[in-house]
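Listed here are the chains, written in short residue letters.
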Amino acid sequence: MNDTLTIALWATNLSVPVNGLAGWAARVEAKMAEAADAGAKILVMPEYAAEQWLSFKPEGLKPTEEIGWMADQAAEALALLTPLPEKYGVALLAGTMPWPAEAGCRNRAWLLLPDGRAIHQDKLALTPGEQDPDSWHLATGDEIRIVEWEGLRLAMLVCLDVEMPALSSLLAPQNVDLLMVPSMTYYLSGYSRVFGCAKARAVELMSAVAVTGCVGAAPGTTQNDQNVSGCAVYMPCETELGFTGIHSTIGPVDNDLVDGNQGDGPFLIARDIPIGVIRQKRAGAAEVWPGSWSAKHVSVSSA
């Protein structure tokens, strides 16, 4: 593995209509080509990038039927994307899409690798809207997957999952080099929670954390009539890595990302993430690493 890693993050503008799954896949392929030209090894897309499919949903589809309909399209969509990583030499975290499961549809992220592997990560902590039986009713996932690829250890947490410190505690012993966080946030408050917690996870895990979300609103959606987000890569706060914990970022402070009028959406090339230095810090050279500490039990004292 090289000591540095360059990745691309795409805050996909959902407000651009597409004329079917082939049109959607062609849009993704164009970004894969752009990422490859920039020397990126991974392209990260946001949570519910698949919501753009609602721009060609059947007439009369009810809100309660949207998740099931998107889940019915998911296998074909994934098949269209599967050849792209090998073609461009770039791994693809294809955002998330509803996926059929035994207990109901799950919000599933797919990581497609140039070696042909397809690894999924289901969202573990659902928002109230994702648990609403009158709209997008989903089932939770039940495990975190660690992916080894080209000397890297990768993991994924979907949006709200990154706000859960308990999940960070599970990941801390796993020596993750890059945590990827596809997200979707409606308000600036949600954006701030997800991106703020992603920054904290970089400190807690002593790893790089890449987070991106959607902007705009998908034509035909009944759920998300705006999305606010950006792209960022965070690092541990160490002298050799800089003091802010920020490697690179594009966010609502820099652009008006509320209405989605950003063409394809913000696209960030995060160059030369210092994975080798971060590994050295994680191996014992850090000033302080909270992730290396563990408590055996908790006691509560009451008056």
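Coordinates for the structure precede this section.
I will try to describe carefully the structure that is included in this document. (Residues numbered from 1 in each chain as written. Predicted model: local features only at pLDDT ≥ 70, side-chain atom pairs only at ≥ 80, totals over all residues. Heavy atoms only, no water.)

Focus on the sheet that holds strand S4 (residues 106-112)
Test applied: Strands pair, by our definition, only if DSSP identifies at least two bridges between them. Numbering of helices and strands runs from the N terminus, with a helix taken as a DSSP run of H or I at least four residues long and a strand as a DSSP run of E at least two residues long. Fitted lines through C-alpha atoms serve as axes, helices being fitted only where they are in contact, and the angles separating the N-to-C directions of these axes extend from 0 to 180 degrees. Here a residue-residue contact requires only that any non-hydrogen atoms of the pair lie within 4.5 Å.
Overall, mixed pairing links the 6 strands, which are arranged S5-S4-S3-S2-S1-S12 in an open sheet. Each having just a single partner strand, strand S5 (118-122) and strand S12 (267-273) make up the two edges of the open sheet. Adjacent strand axes in the sheet meet at a mean angle of 25°, parallel and antiparallel pairs treated alike. Relative to strand S3 (residues 91-99), strand S2 (residues 42-44) is paired through 3 bridges, and the arrangement is parallel. In the sheet register, Ile 42 faces S3, and the bridge partner there is Ala 91. Helix H1 (residues 21-37) rests against strand S1 (5-10), S2, S3 and S12 of the sheet, and its axis sits at about 150° to S1.

Some words on helix H6 (residues 275-285)
The criterion, for reference: Think of it in three bands: with a 1.4 Å probe and only protein chains considered, a residue is buried below 20% of the maximum accessible area for its type, exposed above 50%, and partly exposed in between.
Residues of H6 that are buried include every one of Ile 275, Gly 276, Ile 278, Lys 281 and Arg 282, and no others. The elements touched by buried residues of H6 are S1, strand S7 (152-156), helix H5 (188-205), strand S9 (208-213) and S12.

What about the nonpolar core?
To be explicit about the condition: Only buried Ala, Val, Leu, Ile, Met, Phe, Trp, Tyr and Cys residues count toward a nonpolar core, and they belong to the same one when joined by side-chain atoms within 4.5 Å.
Core analysis: the largest hydrophobic core is formed by 54 residues, its most contacted members being Ile 7, Leu 9, Ile 42, Leu 154, Leu 178, Leu 179 and Met 180. Excluding its chain neighbours within four sequence positions, the residues that come into contact with Leu 179 are Ala 155, Met 156, Leu 157, Val 162, Leu 171, Arg 201, Leu 205, Ala 208, Val 209 and Ala 210. If you look at the next biggest cluster of nonpolar residues, it comprises 43 residues, including Leu 14, Met 45, Tyr 48 and Leu 78.

Focus: the packing of aromatic side chains
Put simply, the rule reads: Side-chain rings of Phe, Tyr and Trp (the six-membered ring for Trp) are treated as a pair once their centres are within 6.5 Å; stacked means planes under 30 degrees apart, edge-to-face means over 60, and tilted covers the remaining angles. A positively charged side chain is recorded as over a ring if its NZ (Lys) or CZ (Arg) lies within 6 Å of the ring centre. The angle to the ring normal must also be within 35 degrees.
All chains considered together, the criterion is met by 6 aromatic pairs. Ring plane angle 90° and centroid distance 5.3 Å describe the contact between Trp 24 and Trp 53, whose orientation is recorded as edge-to-face. Taken together, the residues span a long stretch of sequence, with Trp 24 in helix H1 and Trp 53 in the loop between S2 and helix H2 (63-81) at a distance of 29 residues. We note that Trp 24, like Trp 53, is buried. Their ring planes at 40° and their centres at 4.4 Å tell us that Tyr 191 and Phe 195 sit as a pair that is tilted. In this pair, Tyr 191 and Phe 195 are both assigned in helix H5, 4 residues apart and thus about one turn of the helix distant. What makes Tyr 191 buried here is its relative accessible area of 13%. Over the ring of Trp 10 we find Lys 31, and its NZ or CZ is 5.7 Å from the ring centre. For Lys 31, the ring lying beneath its charged end belongs to Phe 267, and the centroid distance is 4.6 Å.

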